[in-house]
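Given next are the chains, with one letter for each unit.
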Amino acid sequence: MLGGAVVYWNIAQQPQQGMGHSMLPPDTSDLDSGAPIVEISLPAELSDQAQMGKRAYEAKCAECHGKNAAGQNGVAPPLVHKIYEPNHHSDMAFVMAAKNGVRAHHWNFGNMPPVEGLTDGDVKLIARYVRELQRENGIN
């Protein structure tokens with residue numbers, strides 16, 4: 001019986017959907033389908049690595065995550081959002097998401113499928129681009 005109690009305790013300790021998380025997604029109910037979810041301020045200049053990442057992002061990510069990672073309502077979340085700050089979603093989380101896909105857990109857009117045709121290096125450059133956008137928008 002002790003094993004069952006341990007399983008119950010572990011399940012009971014899991015946070016409930018939408019509860020106990022300090023970085024809840026914004027209400028997007030007033031946005032048109034496909035509209036950007038956040039407003040993005042662009043850096044005056046991107047590093048060389050971020051420029052390469054921007055090209056890869058535009059080729060493989062923008063279709064869902066929108067121009068300049070602003071998200072698209074009803075499609076995919078913005079990557080320029082506190083939820084994706086480096087201390088919460090590391091660069092390796094971006095690599096794993098592109099490689100394996102992601103089960104929906106912060107947003108209600110459904111699961112993200114794996115992204116074909118990207119190397120780990122490509123995704124690290126994409127992460128560099130996203131991090132520079134985040135810093136320009138006050139997300140460190």
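Note that this is a predicted model, so its numbers are computed, not measured.

Visitor: Help me out: how do you make sense of the environment of L24 in this one?
Guide: Take L24: it is sitting in the loop between α1 (2-13) and α2 (48-60). On the basis of relative accessibility, which here comes to 48%, the residue L24 falls in the partly exposed class.

Visitor: For this particular structure, what's the right way to read helix α5 (residues 120-136)?
Guide: Owing to its 3.6 residues per turn, the α-helix aligns residues three or four sequence positions apart on the same side. Helix length check: α5, at 17 residues, gives a terminal C-alpha distance of 24 Å against a target of 24 Å (1.5 Å per residue), a fit within 8%. Looking at the buried positions of α5, the neighbouring elements they touch are α2 and α4 (91-100). The positive-phi residue at the C-terminal boundary of α5 is G138, with phi of around 80 degrees.

Visitor: So what exactly am I meant to see when it comes to the packing of aromatic side chains here?
Guide: Two aromatic rings, taken as a pair, are described by how far apart their centres are and by the angle between their planes. Within the structure shown, the criterion is met by 2 aromatic pairs. Judged by centre distance (5.6 Å) and plane angle (50 degrees), the ring pair of Y57 and Y129 falls under tilted. Of this pair, Y57 sits in helix α2 while Y129 sits in helix α5, and the two are 72 residues apart along the sequence. According to the relative accessible area criterion, Y57 is buried, its value standing at 0%. Y129 sits in the buried class, given a relative accessible area of 1%. On the basis of an interplanar angle of 15 degrees and a centroid distance of 5.9 Å, the ring pair of W107 and F109 is categorised as stacked.

Calculation rules
- Every chain begins its residue count from 1, and numbering advances along the sequence as written.
- Given that the model is predicted, a residue must reach a pLDDT of at least 70 before its local features are reported, and side-chain atom pairs must reach 80 or more before they are shown or counted; all residues, however, enter totals for whole chains, interfaces and linings.
- Water and hydrogen atoms play no part in the side-chain values, which are based on all heavy atoms of the structure.
- Each helix corresponds to a stretch of at least 4 residues labelled H or I by DSSP, and each strand to a stretch of at least 2 residues labelled E; elements are numbered beginning at the N terminus.
- Note on exposure labels: buried denotes an accessible area under 20% of the residue type's maximum, exposed denotes more than 50%, and partly exposed covers the range between, all computed with a 1.4 Å probe on protein chains only.
- By definition here, a helix of n residues has an expected span of 1.5 Å times n minus one.
- Whether two residues are in contact is decided by their heavy atoms, any of which lying within 4.5 Å being enough.
- Between 30 and 60 degrees the pair is tilted, below 30 it is stacked and above 60 it is edge-to-face, where a pair is any two Phe, Tyr or Trp rings, Trp via its six-membered ring, whose centres lie within 6.5 Å.

In short, geometric facts, not functional conclusions.
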